[in-house]
Amino acid sequence: QQQVKQSPQSLIVQKGGISIINCAYENTAFDYFPWYQQFPGKGPALLIAIRPDVSEKKEGRFTISFNKSAKQFSLHIMDSQPGDSATYFCAGNSGNTPLVFGKGTRLSVIA
Amino acid sequence: EPEVTQTPSHQVTQMGQEVILRCVPISNHLYFYWYRQILGQKVEFLVSFYNNEISEKSEIFDDQFSVERPDGSNFTLKIRSTKLEDSAMYFCASSEAGHGYGYTFGSGTRLTVV
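All figures in this text were calculated on a predicted structure; none of them were measured in a lab.

Trainee: Any chance you could explain the overall build of chain A here in plain terms?
Mentor: Secondary structure assignment for chain A yields 0 helices and 11 strands. When the elements of chain A are put in sequence order from the N terminus, they spell out β-β-β-β-β-β-β-β-β-β-β. Across its three principal axes, chain A shows a C-alpha extent of roughly 40 × 30 × 20 Å. Counting only residues that meet the buried cut, chain A has 48% of its 111 residues in that class. Pairs at least 24 apart in sequence give 51% of the contacts found in chain A among residues at least 6 apart. Mean positive and mean negative side-chain charge positions of chain A (11 and 7 charges, respectively) differ by 6 Å.

And the structure:
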């Protein structure tokens, strides 16, 4: 009930392309879904987050799409840049549970 | 921008030794967490701490682990008798509002048990 499943494990995208990472959650009590970006040797940094009362949230080149009925959400990175190369983690939690992370997606944006 | 500070950045210890990992959370945050990340794997929850007591812990957080907030600023994780499998990155995080909101993570302490 606590798992967050993330795919793909790794992703290679051309510069300027769209990166798409998908996540599925099990716990229907989850009401907060953040995405974290992690560079090597650093801690995860909050990138963007969504609550289930909206189906989409956009911040700059980053968009979360949320499908409550399917219990799925995804991160879209538009116009991907080499500087976006990092590991991305989706996560979920509720008022009663700590943050549960997916296994991560290693994104490489190549020129 | 406020940040969570962790020390040391890297700790090497012999198996069976005790280690203390230190964290200074963001000053107005009330909820504190420890997570760990074994190399190349996902970030796993260890323990949450609120109002000077543990609010939740995972099955990983056994009797070898303890947390403490010894003063108004520091938050520590102690591992009493380290094992090889404790080798990991340990991340401290803090949150203003607790579960259901975002956490701010520190840069981590890489613990290597030899």
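Trainee: In this structure, what is going on with the sheet that holds strand E3 (residues 19–24) of chain B? I would like to understand it.
Mentor: Paired through their backbone hydrogen bonds, the strands of a sheet run either parallel or antiparallel. Residues and elements named next belong to chain B. The antiparallel open sheet is built from 4 strands, whose spatial order is E1-E3-E8-E7. Two strands bound the open sheet, and with one partner strand each, they are strand E1 (5–7) and strand E7 (65–68). Taking each pair of neighbouring strands and ignoring which way they run, the sheet shows an average axis angle of 20°. The pairing of E7 with strand E8 (residues 75–79) spans 4 bridges and is antiparallel. Residue pairing across strands places Glu68 opposite Thr76, the latter belonging to E8.

Trainee: Any chance you could explain the packing of aromatic side chains here in plain terms?
Mentor: Aromatic rings considered in pairs are described by the distance between their centres and by the relative angle of their planes. In the structure shown here, the tally under the stated rule is 25 aromatic pairs over all chains. Ring geometry for Tyr25 of chain A and Phe66 of chain A: centres 6.0 Å apart, planes at 15°, overall stacked. Placement of Tyr25 of chain A in strand E3 (residues 19–25) and of Phe66 of chain A in strand E7 (residues 62–67) is noted, with a sequence separation of 41 residues between them. With a centroid separation of 5.6 Å and 85° between ring planes, the pair formed by Phe101 of chain A and Tyr35 of chain B is classed as edge-to-face. Placement of Phe101 of chain A in strand E10 (residues 97–101) and of Tyr35 of chain B in strand E4 (residues 31–37) is noted, with the two residues assigned to different chains. By the burial criterion, Phe101 of chain A is buried, and Tyr35 of chain B matches it. An aromatic cluster is defined as three or more aromatic residues linked by ring pairs; in this entry it consists of Tyr36, Phe89 and Phe101 of chain A together with Tyr33, Tyr35, Phe45, Phe91, Tyr103 and Phe105 of chain B. Geometry around Tyr101 of chain B places Arg51 of chain A over its ring, the cationic atom sitting 4.7 Å from the centre.

Trainee: Can you help me understand unusual backbone geometry in this one?
Mentor: With the exception of glycine, the majority of residues adopt a negative phi angle, and the majority of peptide bonds are in the trans configuration. The omega torsion across Ser7 of chain A and Pro8 of chain A is -5°, close enough to zero to call that bond cis. In this structure, Pro8 of chain A sits in the loop between strand E1 (4–7) and strand E2 (10–14). Of note, the amide linkage connecting Thr7 of chain B to Pro8 of chain B takes the cis form, showing an omega dihedral of -10°. The phi angle at Lys71 of chain A is positive, at roughly 55°, despite the residue not being glycine. When you line up the elements, Lys71 of chain A lands in the loop between E7 and strand E8 (72–77). With a phi close to 65°, Asn52 of chain B is a non-glycine residue in the positive phi region. Locating Asn52 of chain B in the fold gives a position in the loop between strand E5 (43–50) and strand E6 (53–57). Classification of Asn52 of chain B by relative accessible area gives exposed; the value is 59%.

Trainee: Would you mind showing me how to read the interface of chain B and chain A here?
Mentor: Where interface size is quoted, it is often the accessible area lost as the parts come together. If you look at the interface, chain B gives 16 residues, while chain A gives 20 residues. If you look at where chain B meets chain A, you find 0 salt bridges. For the side of chain B that touches chain A, the secondary structure elements donating two or more residues are E4 and E5 of chain B. For the side of chain B that touches chain A, a count of residues per class yields 7 nonpolar, 7 polar and 2 charged.

Trainee: What's the story with the sheet that holds strand E6 (residues 56–59) of chain A in this structure? I'm lost.
Mentor: Residues and elements named next belong to chain A. Taken in spatial order, the 5 strands line up as E1-E3-E8-E7-E6 in an open sheet, and their pairing is antiparallel. Across the chains shown, the open sheet's two edge strands, defined by having one partner strand only, are E1 and E6. Between one strand axis and the next, the sheet turns through 15° on average, direction left out of account. Sheet topology places E3 next to E8; 6 bridges connect them, and they run antiparallel. In the sheet register, Ile20 faces E8, and the bridge partner there is His76.

Here is what the cut-offs are and how they apply
Residues numbered from 1 in each chain as written. Chains lettered and ligands numbered in written order. Predicted model: local features only at pLDDT ≥ 70, side-chain atom pairs only at ≥ 80, totals over all residues. Heavy atoms only, no water. Helix = DSSP H or I, 4+ residues; strand = E, 2+ residues; numbered from the N terminus. Buried < 20%, exposed > 50% of the residue type's maximum accessible area, 1.4 Å probe, protein only. Contact = heavy atoms within 4.5 Å. Lys, Arg positive; Asp, Glu negative; His and termini not counted. Charge placed at Lys NZ, Arg CZ, Asp CG, Glu CD. Pairing = 2+ DSSP bridges. Axes fitted to C-alpha atoms, helices over the stretch in contact; angles between N-to-C directions. Phe/Tyr/Trp six-rings, centres within 6.5 Å; stacked < 30°, edge-to-face > 60°. Lys NZ or Arg CZ within 6 Å of the ring centre and 35° of its normal. Salt bridge = Lys/Arg side-chain N within 4 Å of Asp/Glu carboxyl O. Nonpolar A, V, L, I, M, F, W, Y, C, P; charged D, E, K, R; others polar.

Honestly, it's all geometry; don't read function into it.
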